[in-house]
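# Descriptive analysis of the structure
Residue-level listing of the chains:
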Amino acid sequence: MLMVVPSGALQLGFSDSQINALLRQSRSPMVAGTPVVTRHFSQNEEFFLRLPRAIRVGSFPVHHPLGQKRPQPELRECVRSVIAQLAEIVPNLLDGLTHLFDPASNHVPVFFRLYEIEGERFIYLARVDLTFRPSHGTRIERTSNQVTPLYETRDLFLEADLFPLESVETRRDRIVGMTIEQPIRDTWIGETGRGYMRAGMWLDRDLTKFFSRLLTPLGLQTYPYYPFSCKYRSIAHATPAVNEEERRRAVQIARRGRSFLLPHVKEIEESLRGVEMNEFSEELPDFVRLRAHSEEVLGDAWRSFSLRSYLNELDEREFELVGTLA
């Protein structure tokens, strides 16, 4: 399993050896003329890949006992099948990564890989969401409330981030623990509402906006893509990479962004504590001051980046990521 505890430690558990074998098979690279995946965001800001053809996602139990550290047989077969299909349709998408099972989110298999650049370590975490979305798939079999539906879809929803690591613990050349770097002190800022209508207020969203806009060229529209975010009290880089070459470039971008943001985290936190929730503004004095020094951080990495908005078949607004950070 994979769980990030408050201290930043990543707790590792069950990893399916058959899935890992699939992820390590050598495959032929994509050739010219082969249909490729396209990158999109839904109207709910969720990132997904549109595949050249549909994959079939098997049915598995909705609920999983938290005390059971291994996935149920149906889920194991489902994930193995999905990975095998992706290997045929999108070579290199997850190749070289390692599978992890999270009992708390059994419908979201996790894949990771470590990277090191000039002594700094990063972990790439990709979470593939197997949840059936009626507007993005076709149900094949009706099911009960106890099991997920069997369905087909061309849209693969995933969340992929690079996190800087504070430490990696090994035992007999095997990783037994990792700790994410957590320079952000605390994102809790209080509550709003009364009684049952109380809701917590957190700085995470505002920090994400501050980080991302600070490292984005003036005038360039990136919504709903936020390249740098506050997750697990860390400076995370969200990457739409679809192969190993793009992941390695993303590590360079993550490193450059972190290096600039790290010395200023405390003042950014304090600056945002003085504004209303979700009221981040590029006119904040600290943002204006830091902005004057941030334009060259990612240099020409944005040169090919572009987004286009469109309406899908249900007249919902979606976005296609035409060019990415390079």
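Preceding this paragraph is the structure being described.
Just so it is clear, the model here is predicted, and its values are computed rather than measured.

It is worth spelling out the pairing of strand β15 (residues 306-311) at this point. The pairing of β15 with strand β16 (residues 317-323) spans six bridges and is antiparallel. Residue L311 lies in a different strand from β16, and its bridge partner there is R317.

Here we come to the pairing of strand β9 (residues 150-171). In this sheet, β9 lies alongside strand β4 (residues 47-57) in antiparallel orientation, the contact comprising six bridges. Its bridge partner being in β9, L49 is matched across the sheet by L156. Across eight bridges, strand β7 (residues 120-129) lies against β9 in antiparallel orientation. Paired with D129 across the strands is F157, a residue of β9. Looking at chain direction, strand β8 (residues 138-141) and β9 are connected through three bridges and run antiparallel. Note that in β9 the partner of E141 across the bridge is L150. Inspection of the sheet shows β9 paired to strand β10 (residues 174-180) by six bridges, in the antiparallel sense. Residue pairing across strands places L165 opposite I180, the latter belonging to β10. Once β9 ends, the chain turns through two residues before running back antiparallel as β10, passing R172 with a positive phi of about 55 degrees.

Where burial is concerned, most of helix α3 (residues 204-214) is hidden: eight out of the 11 residues are buried. Three or more residues of α3 are buried, namely D206, L207, T208, F210, F211, S212, R213 and L214. In this fold, the buried residues of α3 make contact with β13 (228-231), β14 (234-238), α4 (244-261), α5 (265-273) and α6 (285-294).

Attention now moves to α5. Three or more residues of α5 are buried, namely V265, I268, E269, S271 and L272. Taken end-on, α5 shows its buried residues confined to a sector of 165 degrees, consistent with a single buried face. Buried positions along α5 lie against α3, β14, α4 and α6.

The rules behind the values
- Residues numbered from 1 in each chain as written.
- Predicted model: local features only at pLDDT ≥ 70, side-chain atom pairs only at ≥ 80, totals over all residues.
- Heavy atoms only, no water.
- Pairing = 2+ DSSP bridges.
- Helix = DSSP H or I, 4+ residues; strand = E, 2+ residues; numbered from the N terminus.
- Buried < 20%, exposed > 50% of the residue type's maximum accessible area, 1.4 Å probe, protein only.
- Contact = heavy atoms within 4.5 Å.
- Arc of directions from axis to C-beta.

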